[in-house]
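Chain by chain, the residues:
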Amino acid sequence: MDEKKKAKRDEVNPVGYHDGEHTKNVRDWKEVYDFLIDDSTLIPASPDPDCQELRTITNPWPENPSQFRVVCQEYAGEMEKLAFKLMEIICLSLGLPGGRLKGYFEEQTSFLRINHYPPCPFSDLTLGCGRHKDFDFLTVLAQDDVGGLEVKRNGKWVPVKPDPTALIINVGDICQVWSNERYKSAEHRAVVNGEKERYSIALFLVPSHHVMVKPLEELVSEKDPPKYLPYNWGKFYATRNRSDYKKQNVDNIQIHDFRVPN
């Protein structure tokens, strides 16, 4: 715990160790370590739409374990390659050039998260991570053999059985918006185990802070108009980041806040 505290994150630098995560204003039963794919990046200093100031966030690597940084960065590099390949395939599936979205990620804010879910004596009363949809373009998830991930399907929560030979891919909200809902983000949650601890590692592929997220012009028409108003990814992230640390008086921002009424 002493080493974890040296790398503890806060509302100013939202990467590093954290054990007080909130999902939809409810405290999660987990601890996490987040780190950027690029060792530092720029994000808005404030969620205020009129504030143009930027700030640099940097990975706070712990000194111990001594190989932690090297292993994390090596893994991140391989997952980044996979994520961009998947993005290319998604573009092709939409009838777009494979590299159509690559420019949005030149100053990416993508990050990885190591999740640790300790055993919970009240596993029927809490969640490791509450129900949510990922705010990114896509997520690449590796999980151990304990299990706990559940996906919402036809109104029911369906366990995702651990498979040591497979990675789990979640479509995120940005993909839903860019594709004008040809792809839908997946609602999911993590339940906890009363006896066993669980680990998972997720890569969240997200664009540069200055990117305006909106349905791609090639995928809208008179018959299929844009289903979302544009929103700035950096401001969206800065707004969402506040709710990771304490319960807010209002729901945290979601893409449905930008949904064009039918």
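Here, residues in each chain are numbered from 1, in the same order as that chain's written sequence. Under the rules for a predicted model, residues below a pLDDT of 70 receive no local features and side-chain atom pairs below 80 are neither given nor counted, while totals for whole chains, interfaces and linings still include all residues. The side-chain quantities take in all heavy atoms of the structure and omit both hydrogens and water.

Counting residues in each nonpolar core, the largest one holds 55 residues, and the members touching the most others are Phe 137, Trp 178 and Leu 205. Helix numbers and strand numbers start at the N terminus; a helix is a DSSP run of H or I with at least 4 residues, a strand a run of E with at least 2. Elements with a minimum of two residues in this core: β4 (31–36), α2 (68–93), β7 (111–117), β9 (138–143), β12 (168–171), α3 (173–178), β14 (198–205) and α4 (233–242). In terms of residues, this core owes the most to one element, α2, which gives nine residues. Not counting the four nearest positions on each side in its chain, Trp 178 is found in contact with Leu 101, Tyr 104, Phe 105, Phe 137, Pro 207, Val 211, Val 213, Lys 214, Pro 215, Leu 216 and Leu 219. Only buried residues count toward a nonpolar core, which is a set of Ala, Val, Leu, Ile, Met, Phe, Trp, Tyr and Cys residues joined through side-chain atoms within 4.5 Å. Per-residue accessibility, obtained with a 1.4 Å probe over protein chains only, is compared with the maximum for each type, and a residue is labelled buried under 20%, exposed over 50%, and partly exposed between these values. Note on definitions: a residue-residue contact is assigned when non-hydrogen atoms from the two residues lie within 4.5 Å.

Strand order in the open sheet formed by six strands is β1-β4-β7-β14-β9-β12, and the pairing between neighbours is antiparallel. Two strands bound the open sheet, and with one partner strand each, they are β1 (16–18) and β12. Recorded for the sheet is a direction-independent mean angle of 20° between the axes of neighbouring strands. Strand pairing is defined by DSSP finding a minimum of two bridges between the two strands. Across three bridges, β1 lies against β4 in antiparallel orientation. Along β4, the bridge assignment pairs His 18 with Val 32. The axes are straight lines fitted to the C-alpha atoms, using for helices just the contacting stretch, and the angles between their N-to-C directions are given from 0 to 180°.

A separate point is the pairing of strand β10 (residues 149–153). Where β10 and strand β13 (residues 187–190) come together, three bridges link them in antiparallel fashion. Among the inter-strand pairings, Val 151 is bridged to a residue of β13, identified as His 188. Looking at chain direction, β10 and strand β11 (residues 156–159) are connected through four bridges and run antiparallel. Looking at β11, one finds that Lys 152 is bridged to Trp 157. Connecting β10 to the antiparallel partner β11 that follows it, the hairpin turn spans two residues, and Asn 154 within it adopts a positive phi of roughly 55°.

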